[in-house]
Amino acid sequence: MKILLAPLLLLGVVSVAAAQDQAASPQPAPQVFESSPILDAATILQPGYFQGPNFRVRPPVPTYGGVNSFEIDSDFGVFSADGNALLMRRVAEINAIAALNDISKTDEFKQAALKAAQSPLVVAKELVTNPVGTISGVPRGIWKFLNQAGQSVKELGEGRKPDPVDGNVAQNLLGFSKVKRKISLDLGVDPYSTNEAFQEALNQVAWPTFAGGLTVNIGVAVATAGIGNAGLALTAVNWTGNFNDILRENSPADLRLMNLGLLLAMGVTRPDAVAFLNNNAISPTAQTILVGSLAQLGQATGREYFIQQATVSADEHDALFYQQCAQLMALVNASAPISAITLVNGLPLCLTASGAVVVPLQWDYVAWTPMAAKFANTVKGLSFGTPPVSYNLVISGVVSPMAADELAKLGIGISQKQLPNPLK
């Protein structure tokens, strides 16, 4: 018993001594984090995005995973918008519905509708199908993509399934889809919007315009509806040429062919390019902005990996995320040419020719959470061969004061509100 007791006593002495040494040495302070806040819509939003003649955003704005989550009460129903970018879209769509409804009340519209009903083309009207319902998905945020490491690109095959919003071959031949695109773009709305209420109002006006000879004066309709300018502009950062003209004059098939050529020219394999273009979750508009933005990066390597990751987009929210990340890359490239793109758990990271590390992200609100800290430390811990000259986070939204302080301690610079947004 005594033989066994000696080592136990020795172990106890050593443990006590170790504990005393540990207590004597200074311990690092535990990391402090903040909770994702609930923001106030009236405080954070520009007036035109907070409320208008036909809508009002509900005051509480929860943030989940860096995404601001909005609920919008309108004269045309309740709409959800997971993120600043989708809020801008929903406001534009609501404003457009109001303008289209005003058009449908005019005598000119009624006469054109009667003429259209008597037209031989009336049979083609039956080909118009209702698009998918209004988006109201669960907020996800950029952290969704941190959990997609290793996820394979969807195998969509060689044939993109027909999208009812695109219109079909007969409608394109008749010119109906072109009329819809023109009216949508004049209203500042994506022609391929998934908002069912908007598409219904658009079809109501587009058909008499196409088959009944209605002349649509969008400027007068917008002024009559008292809309103003909130949300009425589709923007492609650093796009060369007139982006609206490209969408207006080209069918989805034309855009697909144009985008395919650009993707192949930047080194994306044909199977990867086809898989990306076949994903119906990424609208022709989003595809064109994303591809056009990447095409501006010159000889930057790694764009094929970004396309592979964007191809896993499951819905409009995902597609907008990758679209805006690409837009931010184009914005960075204009002043600091990008030489390479890599992915960190599905999120893009760029290396510039001058040796800077730039992280371009659609990120509404950066709170200093454990996930944000993990991501920042992961970026700082990556090996780039030679030490980067700087680290910069370039985002579409804003950073909390605590997150700004913590990022500064890590030596990460911040560029906020780098894309058009609804924030003050």
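Below, the structure is looked at part by part. Predicted model only: the values in this text are computed from it and were never measured. (Residues numbered from 1 in each chain as written. Predicted model: local features only at pLDDT ≥ 70, side-chain atom pairs only at ≥ 80, totals over all residues. Heavy atoms only, no water.)

Considerations on the sheet that holds strand S8 (residues 347-352)
In space, the five strands of this open sheet follow the order S7-S8-S9-S11-S13, with mixed pairing throughout. Looking at which strands have only one partner, the edges of the open sheet turn out to be strand S7 (338-344) and strand S13 (412-415). Each neighbouring strand pair of the sheet contributes to a mean axis angle of 25°, computed without reference to strand direction. Sheet analysis places strand S9 (residues 356-361) next to strand S11 (residues 390-395), joined by six bridges and oriented parallel. Paired with Ala 356 across the bridge in S11 is Ser 390. Where helix H18 (residues 370-381) meets the sheet, its contacts fall on S7, S8, S9, S11 and S13, and the angle it forms with S9 comes to roughly 150°. (Pairing = 2+ DSSP bridges. Helix = DSSP H or I, 4+ residues; strand = E, 2+ residues; numbered from the N terminus. Axes fitted to C-alpha atoms, helices over the stretch in contact; angles between N-to-C directions. Contact = heavy atoms within 4.5 Å.)

Let's talk about the packing of aromatic side chains
Within this structure, the stated rule accounts for five aromatic pairs. An aromatic cluster is present here, built from Phe 176, Trp 207 and Phe 210 joined pairwise through their rings. Here the guanidinium or amino end of Lys 380 rests over the ring plane of Tyr 391, the centre of that ring lying 4.9 Å away. (Phe/Tyr/Trp six-rings, centres within 6.5 Å; stacked < 30°, edge-to-face > 60°. Lys NZ or Arg CZ within 6 Å of the ring centre and 35° of its normal.)

A few points about the pairing of strand S5 (residues 67-74)
Most of S5 is tucked away, with six of its eight residues classed as buried. Pairing between strand S3 (residues 55-57) and S5: three bridges, direction antiparallel. Among the inter-strand pairings, Arg 56 is bridged to a residue of S5, identified as Asp 73. With antiparallel pairing between neighbouring strands as the criterion, strand S4 (residues 60-64) and S5 make up a hairpin whose turn holds two residues, including Gly 65 at a positive phi of roughly 55°. For S5 and strand S6 (residues 77-82), the ladder comprises six bridges, and the chain directions are antiparallel. Its bridge partner being in S6, Glu 71 is matched across the sheet by Ser 80. If you look at the hairpin formed by S5 and S6, you'll find two residues sitting between the two strands. (Buried < 20%, exposed > 50% of the residue type's maximum accessible area, 1.4 Å probe, protein only.)

A few points about the environment of Leu 262
Assignment of secondary structure puts Leu 262 in helix H13 (residues 252-265). Accessibility expressed as a relative area gives 30% for Leu 262, which makes it partly exposed. Along the sequence, Leu 262 and Ala 295 sit 33 residues apart, while their C-alpha atoms lie 6.7 Å from each other. Ignoring any residue separated from it by four or fewer positions in sequence, one finds Leu 262 in contact with Val 291 and Ala 295.

Here's the deal with the pattern of salt bridges
Tallying each qualifying case throughout the model produces 10 salt bridges. Asp 190 is the partner of Arg 89 in a salt bridge, and the nearest nitrogen-oxygen pair spans 3.5 Å. Here Arg 89, found in helix H4 (residues 84-104), pairs with Asp 190, found in the loop between helix H9 (176-186) and helix H10 (196-211); they are 101 residues apart in sequence, far enough to count as distant. Each member of the pair Arg 89 and Asp 190 is classed as buried. (Salt bridge = Lys/Arg side-chain N within 4 Å of Asp/Glu carboxyl O.)

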